[in-house]
Amino acid sequence: MKYQLKDYLANTKPDWSKLSPGTYWMAVGFEKSGKTTAFSTFSPKGEDGVLFLDLEQGVRTDKAISVQINSLNPPHDDNGNVILPINRGLKDSNGDPIPALSMAEAVELVEQTWKDSGKTTLVIDTVDKLNLWCVEAAMHEIIAEEKTRKQPNLQILHAVSPEDIPYAGAYIRGREKVMNVVNMLLDIIKDNGILILISHLKKSVSITDGRDVVVKRVPAMPEGLASRLGYNAEAIVTLEVDQAGKHIADFRGYSEVIMGTRIEPLHGRKFIWDKSGNNTLYNVIMNACQRFQERKDATATSP
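Residues numbered from 1 in each chain as written. Predicted model: local features only at pLDDT ≥ 70, side-chain atom pairs only at ≥ 80, totals over all residues. Heavy atoms only, no water.

Moving on, we get to the overall build of the chain. A tally of helices and strands in the chain yields 7 helices and 10 strands. Counting only C-alpha atoms and orienting by the principal axes, one finds that the chain spans roughly 75 × 65 × 55 Å. With 303 residues in all, the chain has 43% of them scored as buried. Looking at the chain alone, contacts between residues at least 24 apart form 62% of all its contacts between residues at least 6 apart. On the chain, the mean spot of the 36 positive side-chain charges and the mean spot of the 39 negative ones are 5 Å from each other. (Helix = DSSP H or I, 4+ residues; strand = E, 2+ residues; numbered from the N terminus. Buried < 20%, exposed > 50% of the residue type's maximum accessible area, 1.4 Å probe, protein only. Contact = heavy atoms within 4.5 Å. Lys, Arg positive; Asp, Glu negative; His and termini not counted. Charge placed at Lys NZ, Arg CZ, Asp CG, Glu CD.)

See below:
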């Protein structure tokens, strides 16, 4: 077969006036910084276009847009039967039982329903909670595998926390489990949706040369996972509330290594947004992107 280069050159010119489907964003912030509120309307359809996978039972919205998740895998009773979702211990504000799924079941739910749901934004709230579950599961897997060896490692057999597993084995395997979930969900929504990974923020303190104290704001998850997610994210936004009570969305990134966004109109910028009305985070961001694209188009067509 004879190839012609021109037949295989792809047009990769970005259209900054719309968000790219099949990508994911990271949203980080301290408690009560508006993370959930910001993304509860992050869709051209508002709340109707958003689906939350709520791992921390913290989503509070006017409309029913969240699925409760309280485990990584389906729980079983003493007889080995899967416990029904309605019997997994969660209750609403009136004390009535509500269904809860495992993350594994939630992936199946999204796979079976996303196409016809009318949703455009899928949110994991939070990815650091998902990581805790994945690391815990990885630790138990490693212990179980070690029990099958003729000469097992006693340190592993007696492990009671992920830190007891040598060479960060539980964290490494847990990280891969998190990435598997993220990649499965991305594959499901790739044609028409974006994925938002919400994470708590923490302060990391280090001392250099025995003198200088360096305080960084980093996601509340292992550095390896934070870097892995950050490098592939379409955008990283830090959400905070300033002293005047204004909600701020900062796209300048959360460390000197992880950049804030691949989306040129948002690069290095901070935005003020409101919980409702015309200045929701989605509207503010899309207005900035569309104005940026209009200027680029005007420049391209000018003589």
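This part covers the packing of aromatic side chains. Summed over the entire model, instances satisfying the criterion amount to 6 aromatic pairs. Their ring planes at 85 degrees and their centres at 5.9 Å tell us that Phe251 and Phe271 sit as a pair that is edge-to-face. Within this pair, whereas Phe251 is found in the loop between β9 (247-250) and β10 (270-273), its partner Phe271 is found in strand β10, the two being separated by 20 residues in sequence. With relative accessibility at 1%, the residue Phe251 sits in the buried group. Note on Phe271: relative accessible area 6%, which makes it buried. Three or more aromatic residues link up through ring pairs in this structure, and these residues are Trp25, Phe39, Phe42, Phe251, Phe271 and Tyr282. (Phe/Tyr/Trp six-rings, centres within 6.5 Å; stacked < 30°, edge-to-face > 60°.)

Turning our eyes to something else, we now look at the environment of Arg149. Summarising the element assignment, Arg149 is placed in the loop between α3 (127-147) and α4 (154-157). Look at Arg149 and you get partly exposed, because its relative accessible area is 49%. Among the polar contacts made by the side chain of Arg149, one reaches the side chain of Glu146 at a distance of 3.1 Å. (Polar contact = N/O pair within 3.5 Å; in protein donor to acceptor, adjacent residues only side chain to side chain.)

Let us look at the side chain of Lys119. In this fold, Lys119 is placed in the loop between α2 (103-117) and β5 (121-125). Despite being buried, Lys119 has no salt bridge partner; Asp48 is the closest side chain of opposite charge, sitting 5.9 Å away. Setting aside residues up to four positions removed in sequence, Lys119 forms contacts with Glu47, Asp48, Gly49, Val50, Leu51, Ile65, Trp114 and Asn192. (Salt bridge = Lys/Arg side-chain N within 4 Å of Asp/Glu carboxyl O.)

In this section: the environment of Gly118. Along the chain, the position of Gly118 falls in the loop between α2 and β5. Of the residues examined, Gly118 reaches a relative accessible area of 28% and is grouped as partly exposed. Sequence separation between Gly118 and Leu229 is 111 residues; the distance between their C-alpha atoms is 27 Å. For Gly118, the contacting residues outside a window of four places in its chain are Lys45, Asp48 and Gly49.

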